[in-house]
Each structure stands twice: as structure tokens, then as C-alpha cells.
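Residue-level listing of the chains:
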Amino acid sequence: MSSKIKIYFVLFHLLLGAFLYYYNIFSTYYGLAIVLIGTYYILEQPDLDSIFPVFFSAYFVGLEVFLRMTKASLFWEFGKYTIIYFMLLGLVRQSRNTNIYYPILFYFVLLLPAIIYVPMDSINEWRQYVSFNLSGPLCLTVTSIYLYKKIINKFLLGEILFIMILPIISISIYNILAMPDLATFKFLPHSNNFTSGGYGPNQVSTVFGLGISSILIAELLKIKMFKNKIINYSLFVTFLILGLLTFSRGGILSALIACSFAISYYYLYNQRIIYILTRGSSILLMTFITWNIVAHITDGVIVQRYGFDNSNNEEEYFFDSTGRTEIYSLDVKIFFDYFFTGVGLGQSKNIRQQYGYEKKVSAHTEFSRMLAEHGILGLLSLLIFCFILSKQLLGSSNPTVGYIKIFFGLLAVLNMSHAAMRLSMAPFIFGFIFPNYKDK
């Protein structure tokens, strides 16, 4: 894709963000149109690298949140099932060349028996429990199978990252238009919907974190997402400012932690500190300036939120996990009480109240949910998941490949830890630990 075409795509998505802010009635049609276009390209267009399913799935990772923000009349798991659909179309087209990675298949199959313990009082409610809790693992499984041993070079990886951030550009415009007057807005050290486009700050923060980390990984690998670096840096700063202003830390911290570990590995393996410093100095400088800008805009409240304040409430704000720690603890108790069977898909949401939690809430941590709802089979599935992750991350002798896999694997796991699989992002990017990456 030429730089000129990329600029046209960026301009289109800038306009799309504004258009759907004012006319969100068209949001549903846009989502369906992308599905139809993707179907046509995957089935009808020449595709020597079998990459079209990956391109359209990557696009839907960001688009999923944008469709939810713009109140598209599509079912909640539409994004995950669209990715599954694209990947299955790709598998059908390349059926003779598919290498099935059986451990990931076993990971998913072990989660199926928990369906038995879902109440059948209402067919619609039963369907929602099953869909909400299994669509993420199914998306992860199908994506992993499709990407297993697929050859992806730097050029294709750059194209995937570029396509992935396009809907995030639209989300940025939407957020800016929906933002309250920051000069008079009273910030509090808690996440809020007002500065995240009127939508869930955790999910919005997560996609902005994905945008930030996509630019970072491209920068270190010398992938030219745009010919002009000013565009790269402008997007990075925009995503970082808007991500911080959501006051939801999970998405931003996950991105920064994943990038830090991946870069540390790359440096320790290659001892290329000068290279990393020269490539990363501009990013570090922009991050520092951006942080200070946001601190000024929020009258220092963002500093409290991230625990860098010297006030007496510093620890309280930093360790505020919005109930996640308590939910995790209760899930472990439920696991031991229902060790062999688990409580069934989605049922931990209901049963936690019996264990003293104040309200019904879905799990924020995918791994504790697996234990509580699937019992011993969930534990086995989790062990297989950990085995797959470690095998893929530690099995490469090439520092560049190791860097890519550590980045994607860790980013997926961190997001599963704070947002389970509410979004298609985590299960989709987890699949990127499986390809064979090439420099050219």
C-alpha cells in the first residue's frame, strides 16, 4: 500500500469519526458493509499470502469498539464473530494448506462441558451466557489456527498494524467531538465516561493502548507505517492523550508494560542499547511532554490516578482495582468449592453475591473466570494455555521474532487480566505468537 493511499485512508477515517458522531444511524450499515467487502475480497480476490482474512479481522479489532460507541444495532459479540467468520472463510479457501495446532484446539474443547451447567430457564438468556463467555476463546482458537506457521514479513506486519489503527483514528475524532469543556470539567481520580466518548472507559483505553503499542512496535522494527514520521508521532501523541484522559489505566499500562518487556528482551539479546536509545529517544521525549500536558489539563489529577502523587491518598488511588482483586479472590474460592464441575458459563456473575460481593458483575480476569466456571477442566485448559504461551515465546532464537511474539503475547495476556475477553482485541492479537516472521 503506497503512502499516498494510506493518507487517503487516514483522511477517510477522520471524516468517518465526525460523520458517525453526528449521524450514528449509519453505524450499523457501515459495520455490515465491511463484512460484505471482506467476504468479497477473501473469496474472490487473488491472495497469494492468504492475508486478507487477517487484514479485515485486524480492522474489526478497532471497529468493534467504534460500532459500540456509535450505538450500532448489532449484537454485542458481533466483532468477535465477524473475526471468526473471516478466519473460517480463509481456512475454507486454503483448506489443503492448513496446519492445525492441536494444543490450542484442546484448550477450547475443555471449556465446552461447562455449557451443561447453564440454566435453561430462558433460551435467550442461555444463549447470551454461552455467547458472551465462549466467543472470546473461540475467536482466540480460530485465529491461532489460521495464523499457525503463516509466513508474515515486516511489510505485511506493517500493513496489519496500519489497518488496525484506522478505526482508532475514527474513535479519536469521535472522542474529541464528544469531549466536555476541559477548562471547566472537574476531573476525579477515577475512570469516567465523559472523557471516553460516552462509552466504557476501560474498553476505549484498551484500543488506545493498542494504537500506542502498534506505533511503538513499528518504530523499533523500522517499519514505515507512513513515509512522514510526523504522522506517526502525531497519532502516537493523540492516542496517548486520549487514552490517559479516559482515566482507565488498564489499556495504557498493558501497552507500556508489554512494550517495555519486549524492548528489554531485544536489548538483552542483542546488546544494542545505542540502537534502541536512538530509535526510542524521540518516543520517550514525546511521552514525557504528553504526560505533562495531560497533567496540566487535569490539574494534576491524572498524577494521582497513576499513583505518582505525594498526597496521603497516593496508595489508595494506585491500588484501586475497581473491585478486580476482590472478584479474583472470590473466583478462587468458588473454584475450590466447585472444583470438579465449576459453576457453569457465566454463572460466577450470579453466585458471587452469595460469597459476599455487593452486586452482579462479569469477571474482569479471564483466568479466574476459567477456574470458577469450568472447574478442573478450566484448570487444565489454563495449564495448556500457559504451556502454549511459554513454548511460543521462548522457542525463538531470533531476537526480532522473539520481540514480536513477546510483545503480542504479553499484550494479550495483560488485557485478558484486566478486561477478560470483552473485546476481540486480546484473543485476536494472541494469535500473532504463532506465525513464522521473516525480515523480508
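Refer to the structure printed above.
None of these values were measured; they are calculated from a predicted model.

Attention shifts here to unusual backbone geometry. The residue Lys149 is not glycine, and still its phi comes out positive at about 60°. When you line up the elements, Lys149 lands in the loop between helix H6 (123-147) and strand E1 (151-153). The exposure class assigned to Lys149 is partly exposed, which follows from its relative accessible area of 44%. Even without being a glycine, Phe247 presents a positive backbone phi close to 65°. Locating Phe247 in the fold gives a position in the loop between helix H9 (229-245) and helix H10 (249-270).

A separate point is the nonpolar core. Membership of the largest hydrophobic core comes to 133 residues, with the highest contact counts inside it found for Phe408, Phe428 and Phe430. The residues contacting Phe408, other than those within four sequence positions of it, are Leu157, Leu161, Ile217, Ile429, Phe432, Ile433 and Tyr437.

For the structure shown, the criterion picks out seven salt bridges. A salt bridge links Glu159 to Lys6, with the shortest nitrogen-to-oxygen separation between them at 3.2 Å. Here Lys6 lies in helix H1 (residues 3-22) and Glu159 lies in helix H7 (residues 154-178), a separation of 153 residues in the sequence. Judged by its relative accessible area of 4%, Lys6 is buried. Residue Glu64 is joined to Arg68 by a salt bridge in which the shortest nitrogen-to-oxygen separation is 3.2 Å.

Its location among the elements puts Arg352 in the loop between helix H15 (348-351) and helix H16 (366-394). For Arg352, a relative accessible area of 1% puts it in the buried group. Here the side chain of Arg352 touches Asp331 through a polar contact of 3.0 Å, side chain to side chain. For Arg352, the contacting residues outside a window of four places in its chain are Ile327, Leu330, Asp331, Ile334, Tyr357, Val361, Ser362 and Ala363.

Quick look at the packing of aromatic side chains now. The tally for this structure, following the rule as stated, stands at 34 aromatic pairs. Ring centres 5.7 Å apart and planes at 50° place the aromatic pair Phe367 and Phe385 in the tilted group. Looking at Phe367, the relative accessible area reads 15%, which means it is buried. Counting every residue linked through ring pairs, the aromatic cluster contains Tyr40, Tyr41, Phe52, Phe55, Phe56, Phe60, Phe75, Phe78, Tyr81, Tyr85 and Phe86.

Here we take up the packing of H7 against helix H8 (residues 201-220). It is the contact of H7 with H8, at a shortest axis distance of 10 Å, that shows an interaxial angle of 135°. The orientation of H7 relative to H8 falls into the category oblique. Where H7 crosses over H8, the two elements pack in a sense that is left-handed. Facing Leu161, Met164, Ile165, Ile168, Ile171, Ser172 and Asn175 of H7, the residues of H8 in contact are Val204, Val207, Phe208, Leu210, Gly211, Ser214, Ile217 and Ala218. A breakdown of the residues in the contact of H7 with H8 according to their chemical character gives 11 nonpolar, four polar and no charged.

What follows concerns a nonpolar patch on the surface. A contiguous nonpolar patch, built from Phe19, Tyr22, Tyr23, Ile25, Phe26, Tyr29 and Leu177 and spanning about 780 Å² of accessible area, is present on the exposed surface. Assignment of secondary structure puts Phe26 in the loop between H1 and helix H2 (27-44). Its relative accessible area of 38% is what places Phe26 among the partly exposed residues.

Tallying each qualifying case throughout the model produces one cavity of 30 Å³ or more. Quantified by volume, the largest cavity comes out at close to 40 Å³. In terms of lining, the largest cavity is formed by Thr206, Asn415, Ala419, Ala420, Met421, Leu423, Met425 and Ala426. Listing elements by their share of the lining of the largest cavity, those giving two or more residues are helix H17 (399-419) and helix H18 (425-430).

On to the environment of Thr341, then. Structurally, the position occupied by Thr341 is in the loop between helix H14 (324-337) and H15. Thr341 gets classed as partly exposed once you look at its relative accessible area, which sits at 32%. For Thr341 and Gly375, which are 34 residues apart along the polypeptide, the C-alpha to C-alpha distance reads 5.0 Å. Filtering out sequence-adjacent residues up to four positions away, Thr341 remains in contact with Tyr117, Glu373, His374 and Gly375.

Right, let's get into the packing of H16 against H17. At a minimum axis separation of 12 Å, H16 and H17 run at an interaxial angle of 170°. In terms of orientation, H16 lies roughly antiparallel with respect to H17. Across the interface between the two elements, Glu366, Phe367, Phe385, Leu389, Gln392 and Leu393 of H16 pack against Lys405, Ile406, Gly409, Val413, Met416 and Ser417 of H17. Broken down by class, the residue content of the contact of H16 with H17 amounts to seven nonpolar, three polar and two charged.

Calculation rules
- Residues numbered from 1 in each chain as written.
- Predicted model: local features only at pLDDT ≥ 70, side-chain atom pairs only at ≥ 80, totals over all residues.
- Heavy atoms only, no water.
- Helix = DSSP H or I, 4+ residues; strand = E, 2+ residues; numbered from the N terminus.
- Buried < 20%, exposed > 50% of the residue type's maximum accessible area, 1.4 Å probe, protein only.
- Core = buried A, V, L, I, M, F, W, Y, C linked by side-chain atoms within 4.5 Å.
- Contact = heavy atoms within 4.5 Å.
- Salt bridge = Lys/Arg side-chain N within 4 Å of Asp/Glu carboxyl O.
- Polar contact = N/O pair within 3.5 Å; in protein donor to acceptor, adjacent residues only side chain to side chain.
- Phe/Tyr/Trp six-rings, centres within 6.5 Å; stacked < 30°, edge-to-face > 60°.
- Axes fitted to C-alpha atoms, helices over the stretch in contact; angles between N-to-C directions.
- Parallel < 35°, antiparallel > 145°, perpendicular 65-115°, else oblique.
- Left-handed = near helix turned anticlockwise from the far one by under 90°.
- Nonpolar A, V, L, I, M, F, W, Y, C, P; charged D, E, K, R; others polar.
- Patch = residues over 30% accessible without salt bridge, like charges linked within 9 Å, V, L, I, M, F, W, Y side chains within 5 Å.
- Areas by Shrake-Rupley, 256 points an atom, 1.4 Å probe, with all protein chains shown as cover.
- 1 Å grid on protein atoms, 1.4 Å probe; cavity = no way out; pocket = protein on both sides within 12 Å on 5 of 7 lines; lining within 4 Å.
- Points joined across faces, edges and corners; volume = space filled by probe spheres on them.

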